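Examining the three-dimensional arrangement
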Amino acid sequence: MNKEEIFSVWAPEGSPWSNWAKPVLFAHMDAAFIDVPQPESAVDLNSFPVADGKTAMVLDLPGAEGVQVGMALAQQGFRPVPLYNAVPLPTVMRILDAGVAQPVAAVDVMPIVSALRTETERLAQLNLPLNAPPAFLLDANRQGEGYSMTPGRFDNRSVCFTTDFPSANYLHTQGVGRVVLVQRYRTEPMRDLAHALRRWQDGSLVIERMRVDALSTPERFEVSKPWWFGMMFQRALLAFGLRRASGGGFGAWVPTPSSG
Amino acid sequence: MDAAAFSEIRRRAVLEGCKWDPQVGDVSTLARFPLVMKASVWKRLAFQVEQLASEANLAEEEISRRPELLTELGLPSALRRVLAGEGPVTPSAGHVVRFDFHFTTDGWKISEANSDVPGGFAEGSYFTALMAEQFPQFRSVPNPGEIWSEALAAAAGSGVIALLSAPGYMEDHQVISFLAARLREKGCNAHLAKPEQISWRDGLAHLETAWYRGPVAVIVKFYQAEWLSRLPETCGWKYFFRGGKTRVANPASAIISESKRFPLVWDRLTVGLPTWRALLPETRDPREVPWQRDDGWLVKTAFCNTGDTVSVRSAMKPRDWWWTRLSVQLNPRQWVAQRRFESVPVQTPDGPRHVCVGIYTVNGRAAGAYTRLSTTPIIDYAAVDAALLLADDDE
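Residues numbered from 1 in each chain as written. Chains lettered and ligands numbered in written order. Predicted model: local features only at pLDDT ≥ 70, side-chain atom pairs only at ≥ 80, totals over all residues.

Take the overall build of chain A next. The helix and strand tally for chain A stands at eight helices and six strands. Along its sequence from the N terminus, chain A presents helices and strands in the succession α-α-β-α-β-α-α-β-α-β-α-β-β-α. Taken over 260 residues, chain A has a buried fraction of 51%. (Helix = DSSP H or I, 4+ residues; strand = E, 2+ residues; numbered from the N terminus. Buried ≥ 20, exposed ≤ 12 C-beta atoms within 10 Å, placed from the backbone.)

Within chain B one finds 11 helices and 21 strands. Taken over the C-alpha trace, chain B has a radius of gyration of 21 Å; the compact-globule value for 395 residues is 21 Å, and the two agree within 12%. Along the first, second and third principal axes, the C-alpha set of chain B runs to 55 × 55 × 40 Å. Each of the 395 residues in chain B was classed as buried or not, and the buried ones make up 56%. At a minimum sequence separation of 6, the contacts of chain B that also span at least 24 residues come to 73%. (Rg over C-alpha atoms; globule rule 2.2 N^0.38 Å. Contact = placed C-beta atoms within 7 Å.)

With that settled, consider the domain arrangement of chain B. Residues and elements named next belong to chain B. Split into domains, chain B comes out as domain 1 (30-259 + 344-391) and domain 2 (282-339). Put simply, the middle of domain 1 and the middle of domain 2, counted by C-alpha atoms, are 25 Å apart. Facing 12 residues of domain 1, the contacting portion of domain 2 comprises 10 residues. Taken together, the residues of the side of domain 1 that touches domain 2 break down into five nonpolar, four polar and three charged. (Domains from an automatic or database assignment. Nonpolar A, V, L, I, M, F, W, Y, C, P; charged D, E, K, R; others polar.)

Looking now at the confidence of the model for chain B. Averaged over chain B, the pLDDT score is 94; the fraction of residues at 70 or greater is 99%. Overall fold confidence (pTM) sits at 0.91, and the ipTM for the predicted complex is 0.89. (pLDDT = per-residue confidence, 0-100.)

Now for the environment of Asn127(A). Within the element layout of this structure, Asn127(A) appears in the loop between helix H5 (110-126) and strand S3 (134-139). Taking the C-alpha atoms as reference, Asn127(A) lies 9.9 Å from Gln75(A); in sequence the two are 52 residues apart.

Residue and element names in this part refer to chain B. The sheet built from three strands is open, its strands ordered S3-S21-S6 with mixed pairing. Looking at which strands have only one partner, the edges of the open sheet turn out to be strand S3 (35-38) and strand S6 (139-140). As paired elements, S6 and strand S21 (residues 388-391) share two bridges and run antiparallel to each other. If you follow Ser-140 over to S21, its bridge partner there is Leu-389. Relative to the sheet, helix H2 (residues 39-64) contacts S3, S6 and S21, its axis offset from that of S3 by approximately 80°. (Pairing = 2+ DSSP bridges. Axes fitted to C-alpha atoms, helices over the stretch in contact; angles between N-to-C directions.)

Let us look at unusual backbone geometry. In this model, Ala249(B) is joined to Asn250(B) through a cis peptide bond whose omega is -10°. Locating Asn250(B) in the fold gives a position in the loop between strand S13 (247-249) and helix H9 (254-258). One non-glycine residue, Asn127(A), adopts positive backbone phi at about 50°. On the basis of neighbour count, Asn127(A) is assigned to the exposed category, with 6 C-beta atoms found within 10 Å. Despite not being glycine, Cys18(B) shows a phi value in the positive range, around 55°. One can find Cys18(B) in the loop between helix H1 (3-16) and strand S1 (23-24). For Cys18(B), a count of 28 C-beta atoms within 10 Å corresponds to the buried category.

Working definition: the strands of a sheet are paired by backbone hydrogen bonds and lie parallel or antiparallel to each other. All names here are of chain B. The parallel open sheet is built from four strands, whose spatial order is S8-S7-S12-S13. Edge positions in the sheet fall to strand S8 (189-193) and S13, since each of these pairs with one other strand and no more. When strand polarity is set aside, the average angle formed by the axes of neighbouring strands in this sheet is 20°. Bridge analysis of strand S7 (residues 160-164) against S8 gives five bridges, and the strand direction is parallel. When the sheet's bridge partners are listed, Ala-162 is paired in S8 with His-191. Of the strands in this sheet, S7, strand S12 (218-221) and S13 are in contact with helix H6 (residues 144-156), which crosses S12 at around 145°. The sheet contacts of helix H7 (residues 170-185) involve S7, S8 and S12, and relative to S8 the element is tilted by about 165°.

Take the packing of helix H5 (residues 121-134) of chain B against H6(B) next. Axis angle and axis distance: for two packed helices, these are the angle between their axes and the distance between the axes, and together they describe the pair. Residue and element names in this part refer to chain B. The geometry of H5 relative to H6 is characterised by a closest axis approach of 7 Å and an angle of 115° between their N-to-C directions. For the pair H5 and H6, the contacting residues are Phe-121, Ala-122, Gly-124, Ser-125 and Tyr-126 in the first and Pro-144, Gly-145, Glu-146 and Trp-148 in the second. The class makeup of the residues in the contact of H5 with H6 is five nonpolar, three polar and one charged.

Bringing H1(B) into the picture now. Residue and element names in this part refer to chain B. The terminal C-alpha atoms of H1, which comprises 14 residues, lie 19 Å apart, in line with the 20 Å expected from a rise of 1.5 Å per residue. For H1, every residue scored as buried is listed here: Ile-9, Arg-10, Ala-13, Val-14 and Leu-15. Two residues or fewer past H1, Cys-18 is found with a positive phi of approximately 55°. (Expected span 1.5 Å × (residues − 1).)

Written as structure tokens, this is what we have:
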């Protein structure tokens, strides 16, 4: 399959969630990319919610595990919606050696690219209904947390914004009233994601959480108000941590995007 | 347009045209219809942007020689010192500017010039070309991505081009990725990087990355000048502006007309700016005008790149307005007050929309457009991108 066909499987025409699928990894699905073998994720799906149409999942899991768990949930009736938003590589040079490719980028998203490609056929065969409830896929490594940034690396760290997700209103119109956050090794949502969850909570969605590394069932929790939540320039403010704060006028504690 | 045809266009735009943010919240940011402009209007606006670019160029030259005027622009002090300093200015690899035109009750007016880091090339080029194929009865405006990448390729010759942006900002990554793709189509060796990965040796730029180490012929700095100046001095950021021998785009002087406080020094210049004066609404220091109680004024920061700091009392929540007032009062030199114009919405298949046609100049010549539509008069990151096409006047 070429990248257009692959993207069409993950973001099919007519699905109410397809518009939110992030295209950047699919845009880099060149035929020369090497598939990167990944260890299987051993997740017990018995504790996961059923795809009752009223529940959306947010899988904030490291690397390709999000795709693997997303596919497992697809078999239960959820539609995985990739929200990966990092540029994989700084050039379009063909990657001939995975050992060389991996260290180039600060956040190695090649395993995710590979997993998305590998799982495409299986996802297509599931013939999910277009209105299957969503399982949004995020890379928990996106901010390079715990990673020592060496000077020569391609800095492709990323953040997620509230605007990367449908609004609470939209979710309600699709019959979704509950969101379950799935993470590994952590209980509290990451700072950037907390903004989206808080907005959903404020929009009368029930927010629950669970962990895949511990036997856990979804538990309801209160998303506390993140720092500067609701400010005009939240998109910019969310990205702090990737850049040092700057001085400047209102809203410029961190830079806004350069693109004018 | 037929839904299937538009779906195909969207897919091609996101997969081939580096349009990686086609959805913002619940808003699909690609319009299913083009904005059609009379060819005679385009011709007039294209002439005006060339005048604007020429006048700005002369003004920037004069202001660069007069440090007392640089202090009025709201620049970070470190950057101001470098711009006012001695030594040769780093050579330019070209200059792309985007002038944002709005259709108002007084005709077409500009709200600002994006002189330092204008974006929108993917939308104004690739997406527009795809839409144009669907509407053969209309003509296309020039392709800004093509013209700008041609200019950069010519400046680089056979050398390496480094395209720099800030990590974490997909909006910026997609701009340089799009330009890099166009440059590679022309046989150029283009690399994405960040400013800290440039080292300067005897004024010559070298890229120091895991995938390429070596000299650079041209730097495309898609990274705001005021941010650069906040990097550690050891990064050698000064060479992007002064003392460098490697060609850089956009040039150091671009930050002058990028500042929304640029109009505040016009009366002290020897050069005239008649086109700017005719097209830009009255712009004042916020301490001089009653913007807090008069809704005829808006305020914005001196370096308001995405429209996010454009502040109008009647369009804001009380809490946000309170913060704006506080910030302006604390840092008035980093804000500017501007007379509001009355934007006239145009009828579209989605209802009335306010229009912003950002017209590029590349090295002083008109070079296509990036067009956005908004439900409100303020155009920001959530506006919808539309293709601009031209109709002959008798149509």
